[in-house]
Amino acid sequence: MYTIKIKDGKARLSNKKITYKPTFKLKGKKIYVHLLNRDGKDVKFDIYNSRDQKVHEEVVNGKTELRKIFDLSGSLNGKYDLRVWDANGIYTETFYIK
């Protein structure tokens, strides 16, 4: 989001904040996640099953680029939610494992 300020007939952008959202990809029973974490703060990953039970939790510290693979091949088929928590917010993606 940005703010446009007009002063002396000139427009200027201020408070420009770029937010990087994670990308998700499902291949078979593996979930691939990529996230640019420019501020290097902690990123938390939670995976929940269809009964909203947490089946995996992980925190990654201080990395500016994250590439994670979550292997659900030992899990039951069904719906899973992957939640990514970073300094900019919470991102949720739903996957169906067959």
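As the structure is a prediction and not an experimental result, all values here were calculated from the model.

Participant: A description of the overall build of the chain should follow, citing residues and the corresponding values.
Facilitator: The helix and strand inventory of the chain stands at zero helices and nine strands. In the chain, the succession of helices and strands from N to C terminus is β-β-β-β-β-β-β-β-β. Expected size for 98 residues packed as a compact globule is a radius of gyration near 13 Å; at 18 Å, the chain overshoots this value by more than 25%. Based on the C-alpha atoms only, the size of the chain along its principal axes is roughly 65 × 25 × 25 Å. For the chain, buried positions account for 26% of its 98 residues. Taking all contacts inside the chain whose residues are at least 6 apart in sequence as the whole, residues at least 24 apart take part in 47%. Accessible surface computed for the chain: about 7,100 Å², of which carbon and sulfur atoms make up 48%. Of note, the chain has its 22 positive side-chain charges centred 5 Å away from the centre of its 12 negative side-chain charges.

Participant: Tell me about the pairing of strand S1 (residues 3-7), and name the residues and values.
Facilitator: Counting buried residues along S1, only zero of its five residues qualify, which leaves the element largely exposed. Hairpin connection between S1 and strand S2 (residues 10-14): a loop of two residues separates the two successive antiparallel strands, and Asp8 in this loop has a positive phi of roughly 55 degrees.

Participant: Would you mind going over the packing of aromatic side chains in detail, with residue names and values included?
Facilitator: For the structure shown, the criterion picks out two aromatic pairs. Seen from their ring centres, Phe24 and Phe95 are 6.2 Å apart, and the 65 degrees between their planes marks the pair as edge-to-face. Separated by 71 residues along the polypeptide, Phe24 in strand S3 (residues 23-27) and Phe95 in strand S9 (residues 89-97) bring together distant segments of the chain. Taking the ring centre of Tyr32 as reference, the NZ or CZ of Lys27 above it sits at 5.6 Å. The ring of Trp85 has Lys44 sitting right over it, with the charged end atom 5.7 Å from the ring centre.

Participant: Could you give me a rundown of the side chain of Asn37, with the residues and numbers involved?
Facilitator: Within the secondary structure, Asn37 sits in the loop between strand S4 (30-36) and strand S5 (43-48). For Asn37, the residues in contact, after removing those within four places along its chain, are Val43, Lys63 and Thr64.

Conventions we followed
Starting afresh in each chain, residues are numbered from 1 along the sequence in its written order. In keeping with the predicted nature of the model, local features appear solely for residues at pLDDT of at least 70, side-chain atom pairs appear and are counted solely at 80 or more, and the whole-chain, interface and lining totals rest on all residues. Only hydrogens and water are set aside when side-chain values are computed; all heavy atoms of the structure are taken into account. Numbering goes from the N terminus for both helices and strands, where a helix is a DSSP run of H or I of at least four residues and a strand is a run of E of at least two. Put simply, the radius of gyration uses C-alpha atoms, and a globule should come to 2.2 Å times the residue count raised to 0.38. Each residue's exposure class comes from its accessible area (1.4 Å probe, protein chains only) as a fraction of the maximum for that residue type: buried when under 20%, exposed when over 50%, partly exposed otherwise. Between two residues, a contact is recorded if the distance between any of their heavy atoms is within 4.5 Å. The accessible surface values rely on the Shrake-Rupley method and a 1.4 Å probe; as for residues, cover is taken only from the protein chains in view. When charges are counted, neither His nor the chain ends are considered; positive counts come from Lys and Arg and negative counts from Asp and Glu. A single reference atom marks each charge: NZ on Lys, CZ on Arg, CG on Asp, CD on Glu. Pairing between strands requires that DSSP locate at least two bridges from one strand to the other. Classification of ring pairs rests on two measures: the distance between centres of Phe, Tyr or Trp rings, Trp counted by its six-membered ring, which must be within 6.5 Å, and the angle between planes, read as stacked under 30 degrees, edge-to-face over 60 and tilted in between. The rule for a charge over a ring is simple: NZ of Lys or CZ of Arg within 6 Å of the ring centre, and within 35 degrees of the ring normal.

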